[in-house]
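Working through the structure, step by step
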Amino acid sequence: MDSKEKRRGILERLNAGEVVVGDGGYVMQLERRGYVKAGHWTPEAAVEHPEAVRQLHREFLRAGANVIQTFTFYCSEDKLEISGNVTNITGAQINEAACDLAREVANEGDALVAGCVSKTPCYVKSHSENEVKAIFKKQMDDFLKKDIDFFIVEFVDHVEEAVWAVEVLKTSGKPVGATLCISPHGDMHGVPPGQCAVSLVKAGADIVGVNCHLDPLTCVQTVKLMKAGLEKAGLKAHLMIQPLGFHTPECNIGGYTSLPEYPFALETRAITRWDIHKYAREAYNAGIRYIGGCCGFEPYHIRAIAEEVAAERGFLPPASEKHGLWGAALEMHTKPWVRARARREYWENLLPASGRPKCPSMATPADDYEKQLETKIQM
C-alpha cells in the first residue's frame, strides 16, 4: 500500500460487512522472547528494542491481520511509575515510538493502525473520574500526534472505567472500539455483559466486545450476551472479539490470571490452529465481524482465522503460501501414517494429548476474584 489515503477506514470496512482480522498478543509473546518483564508487563520494548516489536507486527500482518495495534499496553504514566521498571523513558516516548512502528508495518500492507489504551491503576486507587480521564486524554494526545486510524480501549474489567475512556477518545473524532476483559457473568462489579455493551455504545463506542482473560468460545458467549443487550435496547454497534489463546474451562470472573499456571506454565493449555478455525467460525456465525486474538495468540493463530474466513474475505494471507490447508502439504511426507493426516477430518476430530500423565486436565483457580465480586455486590 503506497499511501494511507488509499485505505478504507475501520467503519467503512465493517459497514460493508467485511471481516476484519485483528492481530494477536504482544506482551506475552515478547516476554517469552526476552523483551518484556512479567509482572510489570510494560511496553518499553517499543523504544528499547524496536526491532523485536517490528518483527512481531510483520508476522501478524503476513498472517492476515487487517489491523496493527500499537504496543502500548499498560503505558499510562501511573502504571509506568508504579511498575518501577521504566525510569528513563516516558509514556509519551513509548506511545510515539509504538505508533511509528505500527504505521511502518501497516504501510507494508492494507492494514490500519489502532491506538490502544488499557485500564489504569488510578481507577482502583482513587476512583476519580477526572484523574482517570486526564490519563486517557494524555495518551490520546500522543496518538493524535501520529494520526492513528482509530482507537481501541482494551483489557478493562470495570465497564465504568471503559465508559470514561470512550468518552475521552470520542472527542478525537476518530472511531472507537471498546473491549472488556469480562466473563459471561459480567464485569468486576457484576454488571451483565448486555448492560456493559449498552453503556459503552451510549458513551459513543462504535465497536464493542471482549478481549483476553478467557478462552475463545467463552468469549464468543460473552459477546453474544452483549449483542442481545444491544438488540433489547434498540442500539446498534459492530461486534469485536480478541480472546485468550489458552483453554480456560474452569475459569470464570477472574480469568486466566487466577490459574495456578499463570503466567509461566500455560503452554499445555495452548489453543491449536484447529481450535482457532472453530472459534473463527463460531464468532462469524454469531455476527462478529472483527475477529482477532490477545495473549497467547501467535501469528499462526491469526493465519488460522484468516484461512477460516478466506471464502468470506475472498483471499488467503501471504503466510498461507507456507501452509497446506487442513494439513494438505503432509501428502508429501515420507511416512504413510503422517500422509494419512493430510485431511480436514483428522485434524477436526483430534483430541490432542498433553504428554503429561501425572498432570490433571483442569486446575483449581484462585478464588480471589470471586470473593471480590461477592463483596462488591454486597456493598
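Residues numbered from 1 in each chain as written. Predicted model: local features only at pLDDT ≥ 70, side-chain atom pairs only at ≥ 80, totals over all residues. Heavy atoms only, no water.

Re the overall build of the protein chain
Test applied: Numbering goes from the N terminus for both helices and strands, where a helix is a DSSP run of H or I of at least four residues and a strand is a run of E of at least two. In this setup the radius of gyration rests on C-alpha atoms only. A globule is expected at 2.2 Å times the number of residues raised to 0.38. Whether a residue is buried, partly exposed or exposed follows from its accessible area with a 1.4 Å probe, protein chains only, as a fraction of its type maximum: under 20%, in between, or over 50%, in that order. Throughout, a residue-residue contact means that at least one pair of heavy atoms, one from each residue, lies within 4.5 Å. Each accessible area is a Shrake-Rupley result for a 1.4 Å probe, and residues are judged covered by the shown protein chains and nothing else.
Scanning the protein chain from terminus to terminus reveals 17 helices and 8 strands. Its C-alpha radius of gyration of 20 Å places the protein chain within 12% of the 21 Å reference for a compact globule of 379 residues. In terms of principal-axis extent, the alpha carbons of the protein chain reach across some 65 × 55 × 50 Å. Taken across its 379 residues, the protein chain has 55% of its residues classed as buried. In the protein chain, 77% of the contacts between residues at least 6 apart in sequence involve partners at least 24 apart. Only carbon and sulfur atoms are counted for the fraction: they give 51% of the accessible area of the protein chain, which is about 16500 Å².

Considering the UniProt feature "domain: Hcy-binding" (unreviewed entry) in the protein chain
Definition in use: UniProt positions are given in the numbering used here, feature names are shortened, and annotations may be inferred rather than shown by experiment.
Following the UniProt record, one finds the feature "domain: Hcy-binding" (unreviewed entry) at residues 8-309. Segment residues 8-309 splits into 46% helix and 12% strand. End C-alpha atoms: 20 Å apart.

Section: unusual backbone geometry
Note that the residue after Tyr-262, namely Pro-263, is joined by a cis bond; omega there is -5°. Along the chain, Pro-263 falls in the loop between strand S7 (238-242) and helix H12 (273-285). Unlike most non-glycine residues, Tyr-74 shows phi in positive territory, near 55°. Mapped onto the elements, Tyr-74 comes out in the loop between strand S2 (67-69) and helix H5 (77-83). At His-127, a residue that is not glycine, the phi angle is positive and equals roughly 55°. Residue position: His-127 is located in the loop between helix H7 (121-126) and helix H8 (129-145).

Points about helix H9 (residues 159-169)
Every α-helix carries 3.6 residues per turn, so stepping three or four residues along brings you back to the same face. With respect to burial, H9 is a largely interior element, 9 of its 11 residues being buried. Of the residues making up H9, those classed as buried are Val-159, Glu-161, Ala-162, Val-163, Trp-164, Ala-165, Val-166, Val-168 and Leu-169.

Quick notes on H8
Rules: Helices are assigned an expected span. That span is 1.5 Å times one less than the residue count. Read the arc as the range of directions from the helix axis to the C-beta atoms.
For H8, built from 17 residues, the straight-helix expectation of 24 Å at 1.5 Å per residue is met to within 8% by its first-to-last C-alpha distance of 24 Å. Where H8 is concerned, the buried positions are Val-132, Ile-135, Phe-136, Gln-139, Met-140, Asp-142 and Phe-143. For H8, the arc enclosing every buried residue in end-on projection is 160°, short of the 170-degree limit, so these residues lie on one face. Seen from the open side of H8, the exposed residues pointing more than 90 degrees away from its buried face are Asn-130 and Lys-145. On its buried face, H8 is in contact with H5, helix H6 (91-106), strand S3 (112-118), H7, strand S4 (150-156) and H9. Positive phi appears at Asp-147, one or two residues downstream of H8, with a value of about 55°.

Quick look at the side chain of Asp-23
Our working definition: For this count, His and the chain ends are skipped, Lys and Arg are scored as positive, and Asp and Glu as negative. By definition here, a salt bridge exists when the distance from a side-chain nitrogen of Lys or Arg to a carboxyl oxygen of Asp or Glu is within 4 Å. Pairing of N or O atoms within 3.5 Å defines a polar contact, subject to two protein rules: one partner must be a possible hydrogen donor and the other a possible acceptor, and residues neighboring in sequence count only if both atoms are side-chain atoms.
Considering the arrangement of structural elements, one finds Asp-23 in the loop between strand S1 (20-21) and helix H2 (27-32). Although buried, Asp-23 forms no salt bridge, and the nearest oppositely charged side chain, Arg-313, lies 12 Å from it. A distance of 2.9 Å separates a polar side-chain atom of Asp-23 from the backbone nitrogen of Gln-69. If we ignore the near neighbours within four places in the chain, the residues touching Asp-23 are Phe-60, Ala-65, Val-67, Ile-68, Gln-69, Gln-242, Gly-292, Gly-293 and Ile-302.

Let's talk about the packing of H12 against helix H13 (residues 299-308)
For clarity, the threshold we go by: Here an angle of 0 to 180 degrees is reported between the N-to-C directions of two axes, which are lines fitted to C-alpha atoms, with helices fitted over the stretch in contact. If an angle is under 35 degrees, it is roughly parallel; if it is over 145, roughly antiparallel; if it lies from 65 to 115, roughly perpendicular; otherwise it is oblique. Crossings are sorted by hand: turned counterclockwise from the far helix by less than a right angle, the near helix makes the crossing left-handed, and turned clockwise it makes it right-handed. Gly falls in the polar group here, along with every residue not listed as nonpolar (Ala, Val, Leu, Ile, Met, Phe, Trp, Tyr, Cys, Pro) or charged (Asp, Glu, Lys, Arg).
Contact pair H12 / H13: the axes reach a minimum separation of 8 Å and the direction vectors enclose 45°. Considered as vectors, H12 and H13 are oriented oblique to each other. For the crossing formed where H12 meets H13, the hand is right-handed. Residues Arg-273, Ile-276, His-277, Tyr-279, Ala-280 and Arg-281 of H12 pack against Tyr-300, His-301, Arg-303, Ala-304, Ile-305, Glu-307 and Glu-308 of H13. Classifying every residue of the contact of H12 with H13 by side-chain character gives 6 nonpolar, 2 polar and 5 charged.

Things to note about the pattern of salt bridges
Summed over all chains, the structure comprises 22 salt bridges. When the shortest N-O distance is used, the salt bridge between Arg-32 and Glu-267 registers 3.9 Å. You can see Arg-32 sitting in helix H2 and its partner Glu-267 sitting in the loop between S7 and H12, a full 235 residues away along the chain. Given the relative accessible area of 46%, Glu-267 is considered partly exposed. Through salt bridges with shared partners, a single ionic network connects Arg-54, Arg-58, Glu-104 and Glu-108.

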